Amino acid sequence: MDKILLITGASRGIGAATARLAAAQGYRICINYLRQQATAEALVEEIQQLGAEAIALQADISDETQVMKLFEQLDQQLGPLTALVNNAAILETQTRLENISAARLQRILATNVIGSFVCAREAVKRMSTAHGGNGGAIVNLSSAAARMGSPNEYIDYAASKGAIDSMTIGLAKEVAEQGIRVNAVRPGIIYTEMHAAGGEPDRVDRVKQWVPMQRGGQPEEVAKAILWLLSDEASYTTGSFIDVSGGR
Ligand SMILES: NC(=O)c1ccc[n+]([C@@H]2O[C@H](COP(=O)([O-])OP(=O)(O)OC[C@H]3O[C@@H](n4cnc5c(N)ncnc54)[C@H](OP(=O)(O)O)[C@@H]3O)[C@@H](O)[C@H]2O)c1
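Residues numbered from 1 in each chain as written. Predicted model: local features only at pLDDT ≥ 70, side-chain atom pairs only at ≥ 80, totals over all residues.

Each helix and strand in the chain was counted, giving nine helices and seven strands. For a compact globule of 248 residues, the expected C-alpha radius of gyration is about 18 Å, and the chain comes in at 17 Å, within 12% of that figure. Burial analysis of the chain (248 residues in total) assigns 45% to the buried set. In the chain, once contacts between residues fewer than 6 apart in sequence are set aside, the share between residues at least 24 apart is 72%. (Helix = DSSP H or I, 4+ residues; strand = E, 2+ residues; numbered from the N terminus. Rg over C-alpha atoms; globule rule 2.2 N^0.38 Å. Buried ≥ 20, exposed ≤ 12 C-beta atoms within 10 Å, placed from the backbone. Contact = placed C-beta atoms within 7 Å.)

Shown next, in the form of structure tokens:
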């Protein structure tokens, strides 16, 4: 069976590393992105040069209509989905709760929680044996923040990842009999551009002293855990979490 994978937010960071590794493992890949069209298209070209198949589709996953269109385009261009990585997420400037507006909360939750839920819903409709599908696997990107709470930085973001943990547990149980496994990866502090959005591009190097392994992680190290959870090697694993956080 063809392995057809959608990775949301794959133009850079952990999503892009996952796309590269998945290409090497024979997946046909849809790289979703929000703004960075040139980077997403360059990644598609890089993957195609390795002899694998990839397409790039723009969609804002916080917008249900755009998600519906994304999945329809994917159906037409690649065929029936077998794997989803719910990777796209945002955070905003580091601050305390006193300074967090309802508008900011709505932005964070719309992308990180509602976007992931709606993408999971569309994936389940396609993969579930109850809907005529052949099963599949979903991996959600949670965060060590869900366990730690991210005080003084972004407890809104941390709470959005707590919601992802709950969704992983609940959905895994809901679709286990329908051929779908649902798991999550909780990265710690990883060298990506996400920290710049919090106002501190070099955050990993400041915080790494609190990591037992005394270093930040690389996106490729997270991608390996994601790909394992997607693979048949993890055939009896569902509703589970892998912490890729250097012991933190
Ligand atoms: N980096 C870390 O230390 C860390 C730690 C724990 C968990 N995580 C989680 O790991 C995942 C990936 O993080 P990262 O560090 O690789 O992030 P990143 O470098 O900031 O990349 C974010 C990606 O998401 C896309 N995106 C953002 N909003 C979107 C939207 N509304 N619709 C579609 N795509 C959207 C971006 O697209 P454009 O480039 O086109 O804008 C980009 O491709 C996230 O879920 C994050 O919470 C990261």
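Past the structure itself, the notes keep going.
Here we come to the environment of Asn152. Locating Asn152 in the fold gives a position in the loop between helix H5 (145–148) and helix H6 (155–175). Here the alpha-carbon distance between Asn152 and Gln94, two residues 58 residues apart in the chain, equals 6.8 Å.

In the vicinity of the ligand, 30 residues are found, and the nearest of them are Gly9, Gly13, Ala89, Thr192 and Met194. Among the secondary structure elements, those contributing two or more residues to the shell around the ligand are helix H1 (13–24), strand S2 (28–33) and helix H4 (102–127). Among the elements that line the shell around the ligand, the one with the most residues is H1, at three residues. Taken together, the residues of the shell around the ligand sort by class into 13 nonpolar, 13 polar and four charged. (Near = placed C-beta within 6 Å. Nonpolar A, V, L, I, M, F, W, Y, C, P; charged D, E, K, R; others polar.)

Core analysis: the biggest nonpolar cluster contains 65 residues, and Leu5, Ala19, Ile29, Ile31 and Ile226 have the highest contact counts within it. Those residues in contact with Ile31 that sit more than four places away from it in its chain are Ile7, Ala10, Ser11, Ala19, Ala40, Leu43, Val44, Ala54 and Ala56. By size, the runner-up hydrophobic cluster in this structure holds eight residues, among which are Ala145, Tyr154, Tyr157 and Met194. (Core = buried A, V, L, I, M, F, W, Y, C linked by C-beta atoms within 7 Å.)

The topology assignment puts Gly136 in strand S5 (residues 136–141). The class for Gly136 is buried, based on 27 C-beta atoms found within 10 Å. When the C-alpha atoms of Gly136 and Ala172 are compared, they prove to be 12 Å apart, with 36 residues separating the residues in sequence.

Turning our eyes to something else, we now look at the sheet that holds strand S6 (residues 180–187). Spatially, seven strands are ordered S3-S2-S1-S4-S5-S6-S7 in an open sheet, and the strand pairing comes out parallel. Both edges of this open sheet fall to strand S3 (54–58) and strand S7 (241–244), since each of them pairs with a single strand only. Taking each pair of neighbouring strands and ignoring which way they run, the sheet shows an average axis angle of 15°. One ladder, built from three bridges, connects strand S1 (residues 4–7) with strand S4 (residues 83–86); its direction is parallel. (Pairing = 2+ DSSP bridges. Axes fitted to C-alpha atoms, helices over the stretch in contact; angles between N-to-C directions.)

A separate point is H4. Side chains three or four residues apart in an α-helix point the same way, a direct result of the helix having 3.6 residues per turn. End to end, H4 covers 35 Å across 26 residues, agreeing with the expected 38 Å (1.5 Å per residue, within 8%). Ala110 marks where H4 bends most, by close to 40°. (Expected span 1.5 Å × (residues − 1). Bend = angle between axes of the 7 residues up to and from the residue.)

Bringing H1 into the picture now. Taking 1.5 Å of rise per residue, the 12 residues of H1 would be expected to cover 16 Å, and the 17 Å separating its terminal C-alpha atoms lies within 8% of that figure. The element H1 is largely enclosed, with a buried count of nine among its 12 residues. All of the buried residues in H1 are Gly13, Ile14, Gly15, Ala16, Ala17, Thr18, Ala19, Ala22 and Ala23. Positioned one or two residues after H1, Gly26 has a phi angle of 90°, which is positive.

With that settled, the discussion passes to the packing of H4 against H6. With their axes 10 Å apart at the nearest point, H4 and H6 run at an angle of 15° to one another. The orientation of H4 relative to H6 falls into the category roughly parallel. Relative to H6, H4 is oriented so that their crossing is right-handed. Of H6, the residues touching H4 (which contributes Arg104, Leu105, Ile108, Leu109, Asn112, Val113, Ser116, Phe117, Ala120 and Val124) are Asp156, Tyr157, Ser160, Ala163, Ile164, Met167, Leu171 and Val175. Residue composition of the contact of H4 with H6, by class: 13 nonpolar, three polar and two charged. (Parallel < 35°, antiparallel > 145°, perpendicular 65-115°, else oblique. Left-handed = near helix turned anticlockwise from the far one by under 90°.)

Any link to function would need more than the numbers given here.
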